[in-house]
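Spelled out from the first residue to the last, the chains are:
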Amino acid sequence: MRVDVVSIFPDYLSVLDLSLVGKARQRGLLDLRVHDLRDWTTDRHRTVDDTPFGGGAGMVMRPDVWGVAIDEVLGGGAEGAHLIVPTPSGEVFTQRHAEALASAEQLVFACGRYEGIDARVAEHYRDAGVTVHELSIGDYVLNGGEVASLVMIEAVARLIPGMVGNPESLVEESHGAAGLLEYPVYTKPPSWADLEIPEVLLSGHHAKIERWRRDRALERTAARRPDMIAALDVAGLDKHDLAL
Ligand SMILES: COC(=O)c1ccnc(N)c1
């Protein structure tokens with residue numbers, strides 16, 4: 001997978017050289033390229049923004065600069081490319097988006113600043129056959145799209161086949177296939193701060209452990225994310241689940 005990030009603060013993305021994403025790049029699983037939007041400006045001041053039509057506070061990022069940048073970054077193919085515009089006014093990014101994007105050929109992240117990017121940019125690339133996603137990482141406002149891009153790149157990159165050692169570990173995660181939050185986890189020492197490990201986890205009885213974990217996941221989800229319980233496919237629940 002190729003991932004391009006276009007920003008006026010490219011250094012913000014240097015953290016992507018570390019950890020999982022950095023390893024993936026070294027292993028050739030991920031071709032990540034970060035670009036400075038100002039490299040596509042033509043004036044002396046390297047201007048990327050201007051005042052909003054219709055008035056109002058702040059500045060809006062110019063479509064012409066973004067257009068030449070995205071055209072170049074997309075190379076030739078609109079096919080298989082996804083343009084992601086992080087914005088507080090977007091659809092909320094979820095694990096489902098991460099799963100869908102993990103099989104894309106190319107992701108291009110357009111990091112807006114100021115009051116955002118001229119709306120014609122998203123419209124133009126949709127018309128050109130590019131899959132455009134305007135995505136929010138939650139109900140709060142940031143100063144730019146860079147942090148949200150980091151979040152989404154990490155959520156997607158870890159799902160690329162070969163990225164994590166044991167793909168099994170992806171199944172039981174929160175927001176995974178079961179549609180539940182993950183159960184509580186424990187490790188050594190067995191006793192800490194006068195707190196013990198739940199007995200069943202020391203029993204070696206795998207069926208009971210599995211049942212205990214699912215019960216805890218259901219309870220935690222019901223307590224913290226009733227919306228996820230409401231969205232559960234009831235057909236996937238057994239009578240024990242329903243009795244909880
Ligand atoms: C400028 O971008 C944002 O403020 C932003 C982007 C994505 N998700 C958010 N919740 C905010």
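Quick notes on the rules
Residues numbered from 1 in each chain as written. Predicted model: local features only at pLDDT ≥ 70, side-chain atom pairs only at ≥ 80, totals over all residues. Heavy atoms only, no water. Helix = DSSP H or I, 4+ residues; strand = E, 2+ residues; numbered from the N terminus. Contact = heavy atoms within 4.5 Å. Areas by Shrake-Rupley, 256 points an atom, 1.4 Å probe, with all protein chains shown as cover. Phe/Tyr/Trp six-rings, centres within 6.5 Å; stacked < 30°, edge-to-face > 60°. Expected span 1.5 Å × (residues − 1). Buried < 20%, exposed > 50% of the residue type's maximum accessible area, 1.4 Å probe, protein only. pLDDT = per-residue confidence, 0-100. Near = heavy atom within 4 Å. Polar contact = N/O pair within 3.5 Å; in protein donor to acceptor, adjacent residues only side chain to side chain. 1 Å grid on protein atoms, 1.4 Å probe; cavity = no way out; pocket = protein on both sides within 12 Å on 5 of 7 lines; lining within 4 Å. Sits in = over half its atoms within 2 Å of the grid points. Nonpolar A, V, L, I, M, F, W, Y, C, P; charged D, E, K, R; others polar. Pairing = 2+ DSSP bridges. Right-handed = clockwise from strand over helix to strand, strands pointing away. Axes fitted to C-alpha atoms, helices over the stretch in contact; angles between N-to-C directions.

Caption draft 1: Representation of the overall build of the protein. Summing up its helical and strand segments, the protein has nine helices and nine strands in all. The contacts in the protein between residues at least 6 apart in sequence include a share of 73% that link residues at least 24 apart. Of the roughly 14000 Å² of accessible surface on the protein, a fraction of 54% belongs to carbon and sulfur atoms.

Caption draft 2: Fine view of the packing of aromatic side chains. Applying the stated criterion across every chain, the model contains one aromatic pair. Between Tyr186 and Trp212, the aromatic rings sit 6.4 Å apart at their centres with planes inclined by 55°, giving tilted as the arrangement. Taken as a pair, Tyr186 in the loop between α6 (168-171) and β8 (191-192) and Trp212 in helix α7 (residues 206-224) lie far apart in primary sequence, 26 residues in all.

Caption draft 3: Molecular detail of helix α5 (residues 146-157). Along its 12 residues, α5 runs 16 Å from first to last C-alpha, staying within 8% of the 16 Å computed at 1.5 Å per residue. Taking burial as the measure, the 12 residues of α5 include nine buried ones, the bulk of the element. Those residues of α5 that fall on the buried side of the exposure criterion are Glu146, Ala148, Ser149, Leu150, Met152, Ile153, Ala155, Val156 and Ala157.

Caption draft 4: Region of the structure containing the side chain of Glu173. Tracing the backbone through its elements, the reader meets Glu173 in the loop between α6 and β8. With sequence-adjacent residues up to four places away left out, Glu173 is seen in contact with Arg158, Leu180 and Glu182.

Caption draft 5: Up close: unusual backbone geometry. Here the bond from Lys188 into Pro189 is cis, since omega is 0°, no more than 30 degrees from zero. Locating Pro189 in the fold gives a position in the loop between α6 and β8. The backbone of Arg46 sits at a positive phi, close to 55°, despite the residue not being glycine. Its location among the elements puts Arg46 in the loop between β2 (31-36) and β3 (49-50). One non-glycine residue, Asp194, lies in positive phi territory at about 60°. The residue Asp194 is located in the loop between β8 and β9 (195-196) in this model. Taking relative accessible area as the criterion, Asp194 reaches 74% and is therefore assigned exposed.

Caption draft 6: Summary view of the confidence of the model for the protein. Confidence along the protein averages 93 in pLDDT terms, with 100% of residues attaining 70 or more. Scored as a complex, the prediction yields pTM 0.93 and ipTM 0.99.

Caption draft 7: Structural detail: the site of the ligand. The immediate surroundings of the ligand are formed by 13 residues, with Ser136, Ile137, Gly138, Tyr140 and Leu142 found nearest. Here Ile137 contributes a backbone N or O atom positioned 2.9 Å from a nitrogen atom of the ligand. One nitrogen or oxygen atom from the main chain of Gly138 is found 2.7 Å from a nitrogen atom belonging to the ligand. Computed on the free molecule, the ligand has an accessible area of 310 Å², of which 94% lies beneath the protein chains in the complex. With respect to the detected pockets, the ligand is housed in the largest pocket. The set of elements that each furnish at least two residues to the shell around the ligand consists of β5 (81-92) and β7 (131-136). The element contributing the most residues to the shell around the ligand is β5, with three residues. Here the shell around the ligand is built from residues that sort into eight nonpolar, five polar and no charged.

Caption draft 8: Expanded view of the pairing of β2. Bridge count between strand β1 (residues 2-7) and β2: six bridges; the pairing is parallel. Residue pairing for β2: Val3 is matched across the bridge by Leu32. Between the parallel elements β1 and β2, the chain passes through helix α1 (residues 19-26) in a crossover that is right-handed.

Caption draft 9: Molecular detail of the side chain of His97. Locating His97 in the fold gives a position in helix α3 (residues 95-101). Not counting residues up to four positions away in its chain, the partners in contact with His97 are Glu91, Val92 and Leu135.

Caption draft 10: Quick peek at the sheet that holds β5. Strands sit in the order β2-β1-β6-β5-β7 across an open sheet of five strands; the sheet is parallel. This sheet does not close on itself; its edge strands, each paired only once, are β2 and β7. Here the strands of the sheet are splayed against their neighbours by 25° on average, with no regard to which way each runs. In this structure, β1 lies alongside strand β6 (residues 106-110), joined through five bridges in parallel fashion. The residue of β6 that forms the bridge with Val3 is Leu107.

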